[in-house]
Amino acid sequence: MRQYEMMMILSPDVEERNLNANIEKLVNVVPQEGGKIDGIDIWGRRRMSYEIAKKAEGIYAVITFTATPATTKELERQLGINESVLRIKVLRVAA
């Protein structure tokens, strides 16, 4: 098991009222495969440097989790399919 940090940019069309629940549903694959979500830090709506999918703003969130490399690949695959996720970047935290 390794520690990871993931930055995720969600579409500004996502409702902010239940944003935390939506993010937990998106990263649900981690606990299902034996990993652990360590923290979810929602930065909120911010203007992006350049447009992604014709959107100038996005909702930023940073998720820290502990999982296996295979779980991380599956998480990236599932988030890549989801239309409400504009961009993700997963980094392994140095030990």
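Each remark here, short or long, concerns the structure printed above.
Residues numbered from 1 in each chain as written. Predicted model: local features only at pLDDT ≥ 70, side-chain atom pairs only at ≥ 80, totals over all residues. Heavy atoms only, no water.

Observations concerning the pairing of strand β3 (residues 55–67)
Stage number 1. In this sheet, β3 lies alongside strand β1 (residues 2–10) in antiparallel orientation, the contact comprising nine bridges. Bridge pairing links Met7 to Val62 in β3.
Stage number 2. Where strand β2 (residues 36–52) meets β3, 11 bridges bridge the pair, whose relative direction is antiparallel. Across the sheet, residue Arg46 finds its bridge partner in β3, namely Gly58. (Pairing = 2+ DSSP bridges. Helix = DSSP H or I, 4+ residues; strand = E, 2+ residues; numbered from the N terminus.)

Some thoughts on the sheet that holds β3
Stage number 1. What the four strands build is an open sheet, ordered β2-β3-β1-β4; its pairing is antiparallel. In this open sheet, the two edge strands, each paired with only one partner strand, are β2 and β4 (85–92). Strand-to-strand twist of the sheet, defined as the mean angle between neighbouring strand axes without regard to direction, takes the value 20°.
Stage number 2. Sheet strands touched by helix α3 (residues 69–81): β1, β3 and β4. Its angle to β1, the strand with the most contacts, is close to 5°. (Axes fitted to C-alpha atoms, helices over the stretch in contact; angles between N-to-C directions. Contact = heavy atoms within 4.5 Å.)

A look at the side chain of Thr72
Stage number 1. One can find Thr72 in helix α3.
Stage number 2. Look at Thr72 and you get buried, because its relative accessible area is 6%.
Stage number 3. When residues no more than four places from it in sequence are discounted, the contact partners of Thr72 are Tyr4, Phe65, Ala67 and Val90. (Buried < 20%, exposed > 50% of the residue type's maximum accessible area, 1.4 Å probe, protein only.)

Topic: α3
Stage number 1. Compared with an ideal rise of 1.5 Å per residue, which puts 13 residues at 18 Å, α3 spans 19 Å between its outermost C-alpha atoms and is within 8% of the ideal.
Stage number 2. Of the residues making up α3, those classed as buried are Thr71, Thr72, Leu75 and Leu79. With its buried residues spanning 100° around the axis, α3 presents them on a single face. Exposed residues lying more than 90 degrees from the buried face of α3 are Ala70, Lys73, Gly80 and Ile81.
Stage number 3. Buried residues along α3 sit in contact with β1, α1 (19–26), α2 (29–32), β3 and β4. (Expected span 1.5 Å × (residues − 1). Arc of directions from axis to C-beta.)

Points about the nonpolar core
Stage number 1. Counting 20 residues, the largest nonpolar core has Met6, Met8, Leu10, Phe65 and Leu75 as its most contacted members.
Stage number 2. Of all the secondary structure elements, the ones that give two or more residues to this core are β1, α1, α2, β3, α3 and β4.
Stage number 3. With five residues, the top contributor of residues to this core is β3.
Stage number 4. Once you skip the residues sitting within four places of it in the chain, Met6 turns out to touch Val27, Ala61, Val62, Ile63, Phe65, Leu75, Leu79, Ile88, Lys89 and Val90.
Stage number 5. The next biggest cluster of nonpolar side chains, apart from the first, holds five residues, and it includes Ile9, Met48, Ile52 and Leu86. (Core = buried A, V, L, I, M, F, W, Y, C linked by side-chain atoms within 4.5 Å.)

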